[in-house]
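# Topology and contacts: notes
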Amino acid sequence: MKFTKMHGCGNDYIYFDCTEEEFPGGPDGERRAAIKLSDRHFGIGGDGIILIKKGKTADFEMVMYNADGSRSQMCGNGIRCVGKYLYDAGKTLGKEFTVESMGAVKKLTVVEGERKDKITKLSVDMGKPILEAEKIPVDFSQSSIDSTSRVINHPLTIDRTEYKITCVSMGNPHAVVFIDKKADDSLVLEKGPLFENNSFFPERTNTEFAYVEDRQTIWMRVWERGTGETLACGTGTCATVVAAILNGLVDSDSPVTVHLLGGDLEIEWSGKEEDSVFMTGPAETVFTGDVEL
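Position numbers for residues count from 1 along each chain, tracking the sequence in the order it is written. Per-residue local features are limited, in this predicted model, to residues with pLDDT of at least 70; the limit for side-chain atom pairs, both in listing and counting, is 80 or more; totals at the level of whole chains, interfaces and linings are taken over all residues. In computing side-chain values, all of the structure's heavy atoms are included and hydrogens and water are not.

## Some thoughts on the overall build of the protein
For clarity, the threshold we go by: Secondary structure is summarised from DSSP: a helix means a run of H or I of at least four residues, a strand means a run of E of at least two, and numbering begins at the N terminus for each. What the globule rule says is 2.2 Å times the number of residues to the power 0.38, and the radius of gyration is computed from C-alpha atoms. Relative accessibility thresholds used throughout: buried, under 20% of the residue-type maximum; exposed, over 50%; partly exposed, between the two (1.4 Å probe, protein chains only).
Within the protein, the regular secondary structure consists of 4 helices and 18 strands. For a compact globule of 293 residues, the expected C-alpha radius of gyration is about 19 Å, and the protein comes in at 18 Å, within 12% of that figure. Projecting the C-alpha coordinates of the protein onto the three principal axes gives extents of approximately 50 × 40 × 35 Å. Counting over 293 residues, the protein shows a buried share of 53%.

Here is the structure:
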């Protein structure tokens, strides 16, 4: 079956065009393929696989699996690559179109590139941030917060050390930890799995370790549930800027640039819970090929 390897800020996935051809084996076949193909030694290599299908409630549908075969609700870098694939392949004639993932519909806008050109940048309306504890979700029974509370600068003990976390869902759960210097390997690789699997997060969590350089600039590294550290995470970057605004660390009246291991993303949010978060960043094709499934 034909595939396209793509990445957004280094967050790389293996994409399959299923708009005309069904992926073999159904959901079980999709999960097995995600595990096999994501392996960087014995497979193609990637943070997971993404299937592009015809949409039911949107123009197109994105079906995403992590490298461990688990489903994921949303990937900001992944959806930009979906948009690039669809536009470059001529499957959408407009510069604005919609993509759904597990019921959530996102609007994509081509920022750079014209018809028949290879586009390099897209903007995505990532929707409203979810801030209520029960909906993120976190296990509010473990603390003094209730189901509708926001989890802002909340203490959580990991490996005998207390961290302050701010929790946000952008369709998937995130725990943002603000630190006083750029994150190093020991923090991300040692603490990331402990955050991911802590009982405070009933569906596990993605964890962002963020250093705020100034009112418009953040440096971030991310540990993604089901995959491990990745070079970037679009939803995590959105969650980090939302968390930074909620904590008064950055301004909401201008875009915030977030530096990731794989590149930069620009995030905009008004600070109002009813308003969408907008993410702008690159999407690139690495190579195409055929694989036997």
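## So, the pattern of salt bridges
Selection rule: We count a salt bridge whenever a side-chain nitrogen from Lys or Arg sits within 4 Å of a carboxyl oxygen from Asp or Glu.
The tally for this structure, following the rule as stated, stands at 19 salt bridges. One network of salt bridges, in which partners are shared, links Lys5, Asp12, Arg40 and Asp47.

## A closer look at the packing of aromatic side chains
Defined as follows: Working definition: a ring pair exists when centres of Phe, Tyr or Trp rings (six-membered ring for Trp) sit within 6.5 Å. Plane angles under 30 degrees give stacked, over 60 give edge-to-face, the rest tilted. The criterion is that NZ of a Lys, or CZ of an Arg, lies within 6 Å of the ring centre and within 35 degrees of the ring normal, and then a charge sits over that ring.
Applying the stated criterion across every chain yields a total of 5 aromatic pairs. Look at phenylalanine 16 and phenylalanine 23: their rings are 5.1 Å apart centre to centre, the planes differ by 80°, and that puts the pair in the edge-to-face class. Classification of phenylalanine 23 by relative accessible area gives buried; the value is 7%. On the numbers, 5.8 Å between centres and 80° between planes, the contact of phenylalanine 195 with phenylalanine 209 is edge-to-face. Taken as a pair, phenylalanine 195 in helix H3 (residues 185-196) and phenylalanine 209 in strand E12 (residues 206-214) lie far apart in primary sequence, 14 residues in all. Take phenylalanine 209: its relative accessible area is 1%, and that puts it in the buried class. Taking NZ or CZ as reference, arginine 71 lies 5.4 Å from the ring centre of tyrosine 65, over its face. Its end group placed over the ring of tryptophan 219, lysine 182 keeps NZ or CZ at 3.7 Å from the ring centre.

## Here's the deal with the nonpolar core
To be explicit about the condition: Among buried residues, the Ala, Val, Leu, Ile, Met, Phe, Trp, Tyr and Cys ones that are joined through side-chain atoms within 4.5 Å form a nonpolar core. Any pair of residues with heavy atoms lying within 4.5 Å of one another is described as a contacting pair.
Counting 52 residues, the largest nonpolar core has Tyr15, Val82, Leu86, Val99, Ile218, Val258 and Ile267 as the members making the most contacts within it. Broken down by element, the residue count for this core peaks at 7 residues, all from helix H4 (residues 234-246). If sequence neighbours within four positions are ignored, valine 258 has contacts with Ile218, Met220, Thr237, Val241, Gly263, Asp264, Leu265 and Ile267. Counting residues in hydrophobic clusters, the runner-up holds 21 residues, among them Ile136, Leu156, Ala175 and Phe209.

## A look at the environment of tyrosine 211
By the element assignment, tyrosine 211 lies in strand E12. Separated by 82 residues in sequence, tyrosine 211 and proline 129 place their C-alpha atoms 21 Å apart. Leaving out residues up to four positions away in the same chain, tyrosine 211 has contacts with Ile179, Asp180, Lys181, Lys182, Thr217, Ile218 and Trp219.

## Things to note about the environment of lysine 5
Cut-off, in case you're wondering: Counted as a polar contact is a pair of N or O atoms within 3.5 Å, where, for protein atoms, one must be capable of donating a hydrogen and the other of accepting one, and residues adjacent in sequence contribute only when both atoms are in side chains.
Structurally, lysine 5 can be placed in strand E1 (residues 2-8). Residue lysine 5 is classed as buried on the basis of its relative accessible area of 8%. Those residues in contact with lysine 5 that lie beyond four places of it in its chain are Asp12, Tyr13, Ile14, Ile44, Gly45, Gly46, Thr285, Val286 and Phe287. A polar atom in the side chain of lysine 5 sits 3.3 Å from the side chain of aspartate 12.

## Structural notes on the side chain of serine 169
Relative to the helices and strands, serine 169 is located in strand E10 (residues 161-169). By relative accessible area, which is 2% here, serine 169 ends up buried. A distance of 3.1 Å separates a polar side-chain atom of serine 169 from the backbone nitrogen of glycine 171. Setting aside its immediate chain neighbours within four residues, serine 169 contacts Pro129, Ile130, Lys135 and Ile136.

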